[in-house]
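Observations on the three-dimensional arrangement
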Amino acid sequence: MPVVAKKLPYYAAGWKESKTAKYMECFDPSTGEVIALAPQCTATEVEEAVASAARAYPAWSDMPAQKRIQVLFRFKALVDKHFDELVKLVSTEHGKNLDEAAGDVIKVAEVTEFACGIPHLMKGPAIQNTTPGYDTTQYMEPLGVFAGIVPWNFPAMLPHGWIAPLCIATGNTLVLKLASFVPQSAIRIMELWEEAGLPKGVINLVTCSRNEAEILLRHPDVKGISFVGSTSIGKHIYATAAANGKRVQALTEAKNHALVLRDAALERSARGVVNSACGCAGERCMALPVVVVEEAVADKFVALLKKMMSELKVGPAYEKTTQLGPVVNAEHRESIVKWIEKGVQEGAKLLLDGRGVCVKGYEKGFYLGPTLFDHVTPEMTVGNREIFGPVLCVKRVKDFEEGVALMNASEFGNGSVIYTQSGYWAREFARRTHGGQVGINVGIPVAPSVFGFTGHKNSFFSDLHTMGTDGIRFFTELKTVSAHWFSEEEAREAKVINSWDGMTILPDRK
């Protein structure tokens, strides 16, 4: 029987049905069936969500940090309790296989655990006797309402891991603009925040078009924007929100490269590359869509890649044996197919073609098999632009120096990887690569949240990265308090000590 699509709500200090006439279809990518309808919330409803967050802010920010994090402790326990349910939901609505979906949910718990340390992490520095008799303390304070604008590729981790925990733990409130393709995981997790005792309005959820999302960039009550998505939109958000006096962190596109040297453990390295290129069907900004191989071992390495990629089992996301699930929807699959066609037109050698893959019993699913191009040259766009699918490009180089130069020529800098057994070349690579997150024999070099996510170049626009200590600084501002208490004698004096009011130690005058 076909699944009956349900209309999804939005959340503005409570669950509500949108008055919009426009709904976006949400699919089960494994079957191609519509399983939900996401409202394209009206401008009034988006403004309502901001107003709800603004009303909740005074009481929430005034609550002691130790009390705020009790909600986070309870929330984390609920994520653990409902872990299998959340994994199945992510897998169903997005198309990630079960292991990939598990990682998506684990990141929610991981960042929440980090955010539970906020009473320590928000402690500011202090000095007694900054100048004689004067003390100075710095406090980290919340700013107000933040907005999070997230894409569809990590429906649990991005809204409720990368953004929500640190935002609210530091005392801010939040409006999340979810991706209309995949809002169901985030909606279910919002129910867990409610169950954990989060006051109404501290987190609010909407799905809407870009026109309504624009409100968040200009609204006077929104103090900051955390965005994940394309570089073109990221630049627009960065410029627009900053021009309206908001702080912004914009995490954008990538085209990560891996360099494979002749001394690498070739079979293990190939497995790492295939996992990194085809995991999450390539729909992640830390995928490895390009591998740069020393010519001396290129033929052997490419043969290994082709063999391993061809052996991947393509199937429905929620079957335990599936290694490569579907892509998110038919429109995105068509976009990837056009990129494959572009690669052929540009003259890249197509060794493995994922077009036309069909899974028996799931013929209407959005499947695309692993695709491998060899002899991709620097001028080919297929090797330079983000495709966001299970498409791997091989670029051949004569040596380490040519490889690093080729990689650093990319406009993007989210991550970069080297496969080698040489400590010398590994160190040289780590020092000289432009990638913000570097892997040495690690295909997906995404460190735990205590380190943050440190993309570079056109993969990131801001001064402060997400998560880690940068994330705490992004969601807070410093207040510096200098204090001096008068002695009885000083209180009777008619003038201050000097024109700096004692805050500067002036030299003695002879």
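A brief report on the enclosed structure follows. (Residues numbered from 1 in each chain as written. Predicted model: local features only at pLDDT ≥ 70, side-chain atom pairs only at ≥ 80, totals over all residues. Heavy atoms only, no water.)

1. Details of the overall build of the protein chain
Helix and strand counts for the protein chain come out as 16 helices and 23 strands. Taking 24 Å as the expected radius of gyration for a compact globule of 510 residues, we find that the protein chain reaches 26 Å, a close match to that expectation. Across its three principal axes, the protein chain shows a C-alpha extent of roughly 90 × 65 × 40 Å. Expressed as a percentage of the 510 residues in the protein chain, the buried residues total 56%. Nonlocal contacts in the protein chain, meaning residues at least 24 apart in sequence, comprise 74% of its contacts between residues at least 6 apart. Accessible surface, the protein chain: about 22,200 Å² in total, of which carbon and sulfur atoms supply 54%. Averaging the locations of the 55 positively and 57 negatively charged side chains of the protein chain gives two centres separated by 1 Å. (Helix = DSSP H or I, 4+ residues; strand = E, 2+ residues; numbered from the N terminus. Rg over C-alpha atoms; globule rule 2.2 N^0.38 Å. Buried < 20%, exposed > 50% of the residue type's maximum accessible area, 1.4 Å probe, protein only. Contact = heavy atoms within 4.5 Å. Areas by Shrake-Rupley, 256 points an atom, 1.4 Å probe, with all protein chains shown as cover. Lys, Arg positive; Asp, Glu negative; His and termini not counted. Charge placed at Lys NZ, Arg CZ, Asp CG, Glu CD.)

2. Points about the nonpolar core
Residues W162, W193, L198 and I203 are the most contacted members of the largest nonpolar core, which totals 70 residues. Residue contributions to this core peak at nine residues, all from helix α6 (residues 157-169). Sequence-distant contacts of W162, that is, excluding residues within four places in its chain, are made with M157, V228, L251, F453, T466 and M467. Counting 30 residues, the second largest nonpolar core, distinct from the first, contains V292, I336, F373 and I418. (Core = buried A, V, L, I, M, F, W, Y, C linked by side-chain atoms within 4.5 Å.)

3. Remarks on the sheet that holds strand β20 (residues 437-440)
Two strands in a sheet stick together by hydrogen bonds in their backbones, pointing the same way (parallel) or opposite ways (antiparallel). Taken together, the seven strands give an open sheet; going across it, the order is β15-β16-β17-β14-β13-β19-β20, and neighbouring strands pair in mixed fashion. The sheet is open, and its two edges are formed by β15 (349-352) and β20, each paired on a single side. This sheet shows a mean twist of 20° between the axes of neighbouring strands, independent of strand direction. Taken together, the four bridges between strand β13 (residues 257-260) and strand β19 (residues 415-419) define a ladder with parallel strand orientation. Bridging across to β19, V260 finds its partner in Y419. Where helix α11 (residues 295-310) meets the sheet, its contacts fall on β13, β14 (290-294), β15, β16 (371-374) and β17 (391-397), and the angle it forms with β14 comes to roughly 140°. (Pairing = 2+ DSSP bridges. Axes fitted to C-alpha atoms, helices over the stretch in contact; angles between N-to-C directions.)

Structural measurements only, silent on function.
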